[in-house]
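Chain by chain, the residues:
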Amino acid sequence: MYNITLIPGDGIGPEVTKAMKQVVKTSGVDINWEEVIAGEAVIEEYSTPLPDYVLDSVRKNKVAIKGPVTTPVGKGFRSVNVALRKELNLYANVRPVKTFKGVKSRYDNIDLTIVRENTEGLYAGIEHKVGDYAGETIKIITRPASERIVEFACRYTRENGYKRLTGVHKANIMKISDGLFLDVFNQVAKDNGILRKADGASCDLYSDDVIVDAAAMNLVIRPEEFDVMVMPNLYGDILSDLASGLVGGLGMIPSANIGDDCAVFEAVHGSAPEIAGKNIANPTAIIQSAVMMLRHIGEMESADKIEKSLKEVFAEGKLVTADLGGNASTSEFADELCRKISAL
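Residues numbered from 1 in each chain as written. Predicted model: local features only at pLDDT ≥ 70, side-chain atom pairs only at ≥ 80, totals over all residues. Heavy atoms only, no water.

This paragraph deals with empty space enclosed by the protein. The full count for this structure, using the stated rule, is one cavity of 30 Å³ or more. As a volume, the largest cavity reaches approximately 40 Å³. The leading source of residues in the lining of the largest cavity is helix 4 (residues 80-87), at three residues. When the residues that make up the lining of the largest cavity are grouped by side-chain class, the tally is two nonpolar, three polar and three charged. (1 Å grid on protein atoms, 1.4 Å probe; cavity = no way out; pocket = protein on both sides within 12 Å on 5 of 7 lines; lining within 4 Å. Points joined across faces, edges and corners; volume = space filled by probe spheres on them. Helix = DSSP H or I, 4+ residues; strand = E, 2+ residues; numbered from the N terminus. Nonpolar A, V, L, I, M, F, W, Y, C, P; charged D, E, K, R; others polar.)

Structure (structure tokens):
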């Protein structure tokens, strides 16, 4: 039995995490879910949306999965997601983006992963006011953090059989900060034997770099040409959401935040309070995040069962939620998925 921390989140979080737990149980993995609450619901009692007991649970169990937690825009408490990543040093955000037959999207045959540095950049949270005249945010790019994320991306590229590793940056304008990131990318990729084609790389494994605005354009024009893309924090946040829109939206996309000691898997869509409690939310993102979690703990067979069954449910298109063109409820979708898993 595995002990895994569960942060249900708010809004639709409890509904989609309930569906996820049902699917994981049906796949044959025995998990003791240690449920802890974070977000707005605990602020009055603990004066923080992220009490120590949440962090202690994740540190103890080493693995967690969370539903969406609401973050106020422009005021209020700081993002629980950002705080978790910083407190637990979850330096690698990993977002696989894939098309599914049967899910309406603008493209076919997309299979790429965005690897985002999670701990610094413009999301380091170092900002202040300059009187009433301006607001100033400091962007931090360090060599150790850049080396660590590019090393991770190199391993991920090899382990998952991808061919192309792309560094994304804005070094043409931010020559010191993004220039450092690009220099580190080139050196670490070379040290890992992932060379540029000009340096003798084969077509089976090579590296290149793309300026972030060009990356955004090319993701829209020819996304199937990308494999693994590694980049600083803000670029990763924006491009991963852009990429999700190519394959059906954030309701389809899993996410993992990985560090040396802990890993937190999460749905990256919002908490959608307007549909909370209506049993109509799409639980695919948290279920796909659970697939990543199962692979992380070595439960490959169960992860493959869930993924195969998801493909079947989408291809048939009979019991899918409203955002995917169907009329199934959250629980009906989960029940159908479990029937498919049980039949394998």
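Turning next to the pairing of strand 10 (residues 228-231). Side chains V228 and V230 of strand 10 all project onto a buried face; the interleaved residues M229 and M231 project onto the opposite face, where all are buried too. The pairing of strand 5 (residues 111-117) with strand 10 spans four bridges and is parallel. Pairing of V115 across the sheet is with V230, part of strand 10. Of the strand pairs in this sheet, strand 8 (residues 164-169) and strand 10 are connected by three bridges, and their pairing is parallel. (Buried < 20%, exposed > 50% of the residue type's maximum accessible area, 1.4 Å probe, protein only. Pairing = 2+ DSSP bridges.)

All right, on to the nonpolar core then. Soluble, globular proteins show a tendency: their nonpolar side chains are buried together. Counting residues in hydrophobic clusters, the biggest one holds 86 residues, and the most contacted among them are M20, W33, I65, I287, M293 and F314. A per-element tally of this core places helix 9 (residues 284-296) first, with eight residues. Once residues lying within four places of it in the same chain are set aside, the contact partners of M20 are L6, W33, I65, I286, I287 and A290. With 16 residues, the next largest nonpolar core counts I7, L50, V54 and L88 among its residues. (Core = buried A, V, L, I, M, F, W, Y, C linked by side-chain atoms within 4.5 Å. Contact = heavy atoms within 4.5 Å.)

What follows covers the pairing of strand 6 (residues 127-130). When strand 6 meets strand 7 (residues 134-137), the two strands line up antiparallel, connected through four bridges. In the strand pairing of strand 7, V130 is matched with A134.

As a further point, take helix 5 (residues 143-159). For helix 5, which comprises 17 residues, the first-to-last C-alpha distance of 24 Å matches the rise-based estimate of 24 Å (1.5 Å per residue) to within 8%. Those residues of helix 5 not exposed but buried are A145, S146, I149, V150, F152, A153, C154, Y156 and T157. Lining the buried residues of helix 5 we find strand 4 (92-98), strand 5, strand 8, helix 6 (177-191), strand 10 and strand 11 (254-258). If you check the start of helix 5, you find a side-chain oxygen 3.3 Å away from the backbone N of A145, and it comes from T142. Of the residues flanking the end of helix 5, it is G161, one or two places downstream, whose phi is positive at about 70°. (Expected span 1.5 Å × (residues − 1). Polar contact = N/O pair within 3.5 Å; in protein donor to acceptor, adjacent residues only side chain to side chain.)

Let us look at the packing of aromatic side chains. Applying the stated criterion across every chain, the model contains six aromatic pairs. On the numbers, 6.4 Å between centres and 20° between planes, the contact of F152 with Y156 is stacked. Of this pair, F152 and Y156 both sit in helix 5, four residues apart, which is roughly one turn of that helix. Across the pair, exposure class does not vary: F152 and Y156 are buried alike. Taken together, a centroid distance of 6.0 Å and an interplanar angle of 35° make the contact between F314 and F333 tilted. In this pair, F314 is assigned in helix 10 (residues 300-316) and F333 in helix 11 (residues 330-343), connecting sequence segments 19 residues apart. Here the two residues F314 and F333 agree in accessibility, since each one is buried. Between K197 and the ring centre of Y206, over which it is positioned, the NZ or CZ distance is 4.3 Å. (Phe/Tyr/Trp six-rings, centres within 6.5 Å; stacked < 30°, edge-to-face > 60°. Lys NZ or Arg CZ within 6 Å of the ring centre and 35° of its normal.)

Turning next to the sheet that holds strand 3 (residues 63-66). The strand order across the open sheet built from ten strands is 2-1-3-12-11-4-5-10-8-9, with neighbouring strands paired in mixed fashion. With one partner strand each, in any of the chains shown, strand 2 (31-35) and strand 9 (206-211) form the two edges of the open sheet. This sheet shows a mean twist of 25° between the axes of neighbouring strands, independent of strand direction. In terms of strand pairing, strand 8 meets strand 9 through six bridges, oriented parallel. Counted as the bridge partner of R164 is Y206 from strand 9. (Axes fitted to C-alpha atoms, helices over the stretch in contact; angles between N-to-C directions.)

Its 13 residues place the ends of helix 8 (residues 233-245) 19 Å apart at the C-alpha level, agreeing with the 18 Å of an ideal helix rising 1.5 Å per residue. For helix 8, the full list of buried residues reads N233, Y235, G236, L239, S240, A243 and S244. Buried residues in helix 8, looked at end-on, bunch into an arc of 155°, giving them a common side. On its buried face, helix 8 sits against strand 4, strand 5, strand 8, helix 6, helix 7 (212-221) and strand 10. (Arc of directions from axis to C-beta.)

Turning our attention to the packing of helix 1 (residues 13-26) against helix 9. Interaxial distance between helix 1 and helix 9 falls to 9 Å at its minimum, and their mutual angle equals 45°. Considered as vectors, helix 1 and helix 9 are oriented oblique to each other. Note on packing geometry: the crossing formed by helix 1 with helix 9 is right-handed. In contact with V16, T17, M20, V23 and V24 of helix 1, helix 9 contributes I286, I287, A290 and L294. A breakdown of the residues in the contact of helix 1 with helix 9 according to their chemical character gives eight nonpolar, one polar and no charged. (Parallel < 35°, antiparallel > 145°, perpendicular 65-115°, else oblique. Left-handed = near helix turned anticlockwise from the far one by under 90°.)

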